[in-house]
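Structure assessment
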Amino acid sequence: MPEDRVAAIRRFSRFYTRRIGVLHEGLLGSPLSLTEGRAIWELAQRERATASELAAELGLDAGYLSRILAGFEGRGLIERKPSERDGRQVIITLSEAGRALYATIDARSREAVAAMVDELDGADQQQLVAALQTAERLLEPDRKAAHPAYILRPHQPGDMGWIIHRHGALYAEEYDLDMTFEALVARIAAAFIENFDAGRERCWIAEREGVVVGAVLLVKESAEEAKLRLLYVEPAARGLGIGSRLVAECVRFARQRHYRKITLWTNDVLVSARRIYQAAGFRLVREEPHHSFGSDLVGQFWELPLRVER
């Protein structure tokens, strides 16, 4: 490879690491190093993980990762428990303190990047994003076989409008539901925003290469009951486990907030969603035929009793 190309890539690496502040002693004002921050990020993207899975994903020596995880455990950032399927494996999850630290770092990172990118006009922002996506694609070790990763994040301005739009378009195309279904979704989304209880409710947005590809809401019905609403995954992102992950996050959060059960309402034509609910442990409690959204449907009520985490 020509030396000038090597030099150009190394020059950009030095520039970028300085520009985003990763050379500072603590990552974004936290007590974590860059490597520790990446490990926290990986754990936040998974419902559960093993040390071997993390080591493979991060490309770290098993002994080095073991020391990092021991440090996390000493600070109360992670929890470990034997796998129910294989007692030889230990499952690692972020604790409440770990998730709180991740949320703080994630928010600071977003603010720092937003401040940097806000210096550019709209056209330059689009050009920058396109260039970074190209670099990521070209440098992916197995770019022909790899699926772009996705992240889960909280909702932000514009997300609810997108959820309404995509529900309306997808359900009309796939199930021939009319615009009254879109109106129902709009009412649910508006109520969520207007009555949002940050301590008891959540919205998870699945994002892949900067594009929203799925979402779900968990809404408070009462002190003991939460309701799962508006689960959807874009057709191009199906098969990646996003739907199951979104439902798993709802279940995890509901347990942490001491709900006694999660309920949901769906229709029998939504076969893929029903499979996800069944796999997560939901059970069908009753069915009701109805004519809604321009179609004859069978409404289904599902629920999941919860074992509360203490």
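The model shown is predicted, which means the values in this text are computed figures rather than measured ones.

**Section: the pattern of salt bridges**
As enumerated under the stated definition, the model contains 15 salt bridges in all. Through salt bridges with shared partners, a single ionic network connects Arg 153, Asp 159 and Glu 207.

**Observations regarding the pairing of strand 2 (residues 90-94)**
For strand 2, a buried count of four out of five residues is recorded, marking the element as mostly surrounded by other parts of the structure. Examined bridge by bridge, strand 1 (residues 78-82) and strand 2 share five bridges and lie antiparallel to one another. When the bridges of strand 2 are listed, Arg 80 appears paired with Ile 92.

**A few points about the state of the cysteines**
Linking two cysteines covalently through their sulfur atoms gives a disulfide. Counted under the stated rule, the structure contains zero disulfides. Looking at Cys 203, it has no disulfide partner, and the nearest cysteine sulfur is the one in Cys 250, 9.0 Å off. We classify Cys 203 as buried; its relative accessible area is 3%.

**Section: a nonpolar patch on the surface**
On the surface, a cluster of nonpolar side chains totalling about 490 Å² of accessible area is made up of Phe 12, Phe 15, Tyr 16, Leu 120, Leu 128 and Leu 132. Looking at the nonpolar patch, the elements that each hand over two or more residues are helix 1 (3-19) and helix 6 (122-139). No other element matches helix 1, which puts three residues into the nonpolar patch. Among the structural elements, Phe 12 can be located in helix 1. Exposure remark for Phe 12: the relative accessible area of 45% places this residue in the partly exposed category.

**A closer look at the nonpolar core**
Within the largest apolar cluster, 52 residues are counted, with the highest numbers of intra-cluster contacts made by Leu 218, Leu 228, Ile 262, Tyr 277 and Phe 282. Discounting chain neighbours no more than four positions away, the residues touching Leu 218 are Phe 192, Glu 201, Arg 202, Trp 204, Ala 226, Lys 227, Leu 228, Cys 250, Phe 253, Ala 254 and Ile 262. Core analysis: the second largest hydrophobic core is formed by 20 residues, Leu 43, Ala 49, Ala 55 and Leu 69 among them.

**What to know about the side chain of Ser 295**
Along the chain, Ser 295 turns up in strand 9 (residues 295-305). Ignoring any residue separated from it by four or fewer positions in sequence, one finds Ser 295 in contact with Tyr 175, Asp 176, Leu 177 and His 290.

**Looking at the environment of Ala 103**
Among the structural elements, Ala 103 can be located in helix 5 (residues 96-117). For Ala 103 and Trp 41, which are 62 residues apart along the polypeptide, the C-alpha to C-alpha distance reads 9.6 Å.

**Points about the sheet that holds strand 8 (residues 283-292)**
Strand order in this open sheet of seven strands is 3-4-5-6-7-9-8, and the pairing throughout is mixed. Both edges of this open sheet fall to strand 3 (150-154) and strand 8, since each of them pairs with a single strand only. Strand after strand, the sheet turns through a mean of 20° between neighbouring axes, direction not considered. Across the sheet, helix 8 (residues 179-194) touches strand 4 (202-208), strand 5 (211-220) and strand 6 (225-233), and the angle it forms with strand 5 is around 65°.

**Remarks on empty space enclosed by the protein**
The final tally for this structure, using the stated rule, is one cavity of 30 Å³ or more. Volume-wise, the largest cavity comes out at about 310 Å³. Every residue lining the largest cavity is counted, 22 residues in all, and those nearest its centre are Phe 181, Leu 230, Trp 265, Thr 266 and Leu 270. Looking at the lining of the largest cavity, the elements with two or more residues in it are helix 7 (159-175), helix 8, strand 6, strand 7 (261-267) and helix 10 (271-279). Broken down by class, the residue content of the lining of the largest cavity amounts to 17 nonpolar, three polar and two charged.

**Thoughts on the packing of helix 2 (residues 34-44) against helix 4 (residues 62-74)**
Their axes nearest at 11 Å, the elements helix 2 and helix 4 cross at an angle of 75°. Here helix 4 runs roughly perpendicular to helix 2, going by the angle between their axes. Each of Thr 35, Glu 36, Ala 39 and Ile 40 in helix 2 lies in contact with helix 4, whose residues at this interface are Tyr 64, Ile 68 and Phe 72. Here the contact of helix 2 with helix 4 is composed, by residue class, of five nonpolar, one polar and one charged.

Thresholds applied
Residues numbered from 1 in each chain as written. Predicted model: local features only at pLDDT ≥ 70, side-chain atom pairs only at ≥ 80, totals over all residues. Heavy atoms only, no water. Salt bridge = Lys/Arg side-chain N within 4 Å of Asp/Glu carboxyl O. Buried < 20%, exposed > 50% of the residue type's maximum accessible area, 1.4 Å probe, protein only. Helix = DSSP H or I, 4+ residues; strand = E, 2+ residues; numbered from the N terminus. Pairing = 2+ DSSP bridges. Disulfide = S-S within 2.5 Å. Patch = residues over 30% accessible without salt bridge, like charges linked within 9 Å, V, L, I, M, F, W, Y side chains within 5 Å. Areas by Shrake-Rupley, 256 points an atom, 1.4 Å probe, with all protein chains shown as cover. Core = buried A, V, L, I, M, F, W, Y, C linked by side-chain atoms within 4.5 Å. Contact = heavy atoms within 4.5 Å. Axes fitted to C-alpha atoms, helices over the stretch in contact; angles between N-to-C directions. 1 Å grid on protein atoms, 1.4 Å probe; cavity = no way out; pocket = protein on both sides within 12 Å on 5 of 7 lines; lining within 4 Å. Points joined across faces, edges and corners; volume = space filled by probe spheres on them. Nonpolar A, V, L, I, M, F, W, Y, C, P; charged D, E, K, R; others polar. Parallel < 35°, antiparallel > 145°, perpendicular 65-115°, else oblique.

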